[in-house]
Amino acid sequence: MLPGLTRLLPTGDVLLTLLVNTTDVVQLGLQSNGHISSSEVTKLLRTIEISIRLIAPLLTENVTRIETNHTEVEIMVRRDKTSPEGPVSLTNENTQLDTTWETVVGDYQNYPGFAYVVLLSYRNLDSLKDNISHQSQQLMSSAATVSVSNSNTTYLPQQVNLTFHHLQSSDVDPTCVYWSDENGPGVWSGRGCTLVMSNSTHTVCSCNHLSTFAVLNEMQQGSGQLSLVMWVGVFVALTCVFLSLITTLWCRFVSRKRRGGRRGGHRLQQDVQLHRK
């Protein structure tokens, strides 16, 4: 590649700034509709996660921070001859991530000579509208995307901890959730995440995978669970009706067979008596 052309190419810092500014614009555009649909959130998060994986290796500083009115991002990069070890922590105004470099790197035998960890928080994704139920889900915290150089983060051998600052002081029991888009446009799910502790201002979550995380109001989460319970009840009721119908038909069938047997036996006795006469 020509030296002059290399100088014209955008650096990692420039690309990251463009990504953050674009994220701001998208958040504002989505928020202007009142509620953000789950499919729109999925598109935004997928784009950001892919872009981060391409930009992070291009950063030259060990720590890069960018903060705007709607987005906060911190990226820590290590370029060592051997795989880095020990704890690592990233913090912004609303979220703190605590993990280890062993988790960030993953398979140390295939260590490429660099490792990075990303914490990116969104300030305008607190109100979502489910595409199916059309019910709003209000978050108690900002949503935060966690990304690392380790490509295998579906199930981590060591859990990561996230400390969320509540948007408003609340004594309502929270639920630790992540954004799952595996079986549809996207939904907040608690699979793989556990609540470590919570008070009126902060909640600590522990998760065995990486994604975009947040704290959801458990009362609003419960409305979805009530809907699930309702459908389970309907299924059980229909099953009982079906079994009752089968039982009734079987009883009628057995009853008719017995009546037929008795009539056949009575006719046989009459034939025998006539034959004897």
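Please read these numbers as outputs of a predicted model, since none were measured by experiment.

Basis of the calculations
- Residues numbered from 1 in each chain as written.
- Predicted model: local features only at pLDDT ≥ 70, side-chain atom pairs only at ≥ 80, totals over all residues.
- Heavy atoms only, no water.
- Helix = DSSP H or I, 4+ residues; strand = E, 2+ residues; numbered from the N terminus.
- Buried < 20%, exposed > 50% of the residue type's maximum accessible area, 1.4 Å probe, protein only.
- Contact = heavy atoms within 4.5 Å.
- Areas by Shrake-Rupley, 256 points an atom, 1.4 Å probe, with all protein chains shown as cover.
- Pairing = 2+ DSSP bridges.
- Axes fitted to C-alpha atoms, helices over the stretch in contact; angles between N-to-C directions.
- Salt bridge = Lys/Arg side-chain N within 4 Å of Asp/Glu carboxyl O.
- Phe/Tyr/Trp six-rings, centres within 6.5 Å; stacked < 30°, edge-to-face > 60°.
- Lys NZ or Arg CZ within 6 Å of the ring centre and 35° of its normal.

### Structural notes on the overall build of the protein
Counting secondary structure elements, the protein contains five helices and 15 strands. Counting the 277 residues in the protein, one finds 39% classified as buried. Taking the intrachain contacts of the protein between residues at least 6 apart in sequence as the baseline, contacts between residues at least 24 apart amount to 69%. Working note: accessible area of the protein is about 16,600 Å², and carbon and sulfur atoms make up 57% of it.

### Structural notes on the sheet that holds strand E4 (residues 87-91)
Strand order in the open sheet made by the five strands is E4-E5-E10-E14-E13, with antiparallel pairing throughout. Across the chains shown, the open sheet's two edge strands, defined by having one partner strand only, are E4 and strand E13 (193-198). Averaged over all neighbouring strand pairs, the angle between strand axes comes to 20°, with direction disregarded. Where strand E10 (residues 160-165) meets strand E14 (residues 202-207), six bridges bridge the pair, whose relative direction is antiparallel. Paired with Phe 164 across the bridge in E14 is Thr 203.

### Remarks on the sheet that holds strand E11 (residues 174-180)
Within the open sheet, the seven strands sit side by side as E2-E3-E6-E9-E15-E11-E12. Their pairing is antiparallel. Each edge of the open sheet carries a strand with a single partner, namely strand E2 (63-67) and strand E12 (187-189). The average undirected angle you get between the axes of adjacent strands in this sheet is 25°. Inspection of the sheet shows strand E3 (residues 71-78) paired to strand E6 (residues 115-122) by eight bridges, in the antiparallel sense. Looking across to E6, one finds that Ile 75 is bridged to Val 118.

### Overview of the pattern of salt bridges
Scanning the model with the defined rule gives seven salt bridges in all. A salt bridge links Glu 93 to Arg 123; the shortest N-O distance between them is 3.0 Å. Residue Glu 93 is located in the loop between E4 and strand E5 (95-100), and its partner Arg 123 is located in the loop between E6 and strand E7 (127-129); the two are separated by 30 residues in the primary sequence. Among the residues examined, Glu 93 registers a relative accessible area of 54% and is labelled exposed. The class of Arg 123 is partly exposed, set by a relative accessible area of 25%. With a shortest N-O distance of 3.0 Å, Arg 191 and Glu 182 are connected by a salt bridge. Its relative accessible area of 48% is what places Arg 191 among the partly exposed residues.

### Some words on the packing of aromatic side chains
Overall, the coordinates contain one aromatic pair when judged by the stated rule. Consider the rings of Trp 179 and Trp 188, whose centres lie 5.0 Å apart with planes at 80°: the pair is edge-to-face. Like Trp 188, Trp 179 is buried. Taking NZ or CZ as reference, Arg 78 lies 5.3 Å from the ring centre of Trp 101, over its face.

### Regarding the pairing of E3
Most of E3 sits inside the fold, with seven of its eight residues counted as buried. Sheet analysis places E2 next to E3, joined by five bridges and oriented antiparallel. Residue pairing for E3: Val 63 is matched across the bridge by Met 76.

### Comments concerning the environment of Pro 57
Structurally, the position occupied by Pro 57 is in the loop between helix H3 (38-55) and E2. Look at Pro 57 and you get partly exposed, because its relative accessible area is 25%. For the pair formed by Pro 57 and Arg 78, sequence separation is 21 residues and the distance between their alpha carbons is 9.7 Å. What Pro 57 contacts, discounting residues up to four positions off in sequence, is Ile 52, Arg 79, Phe 114 and Tyr 116.

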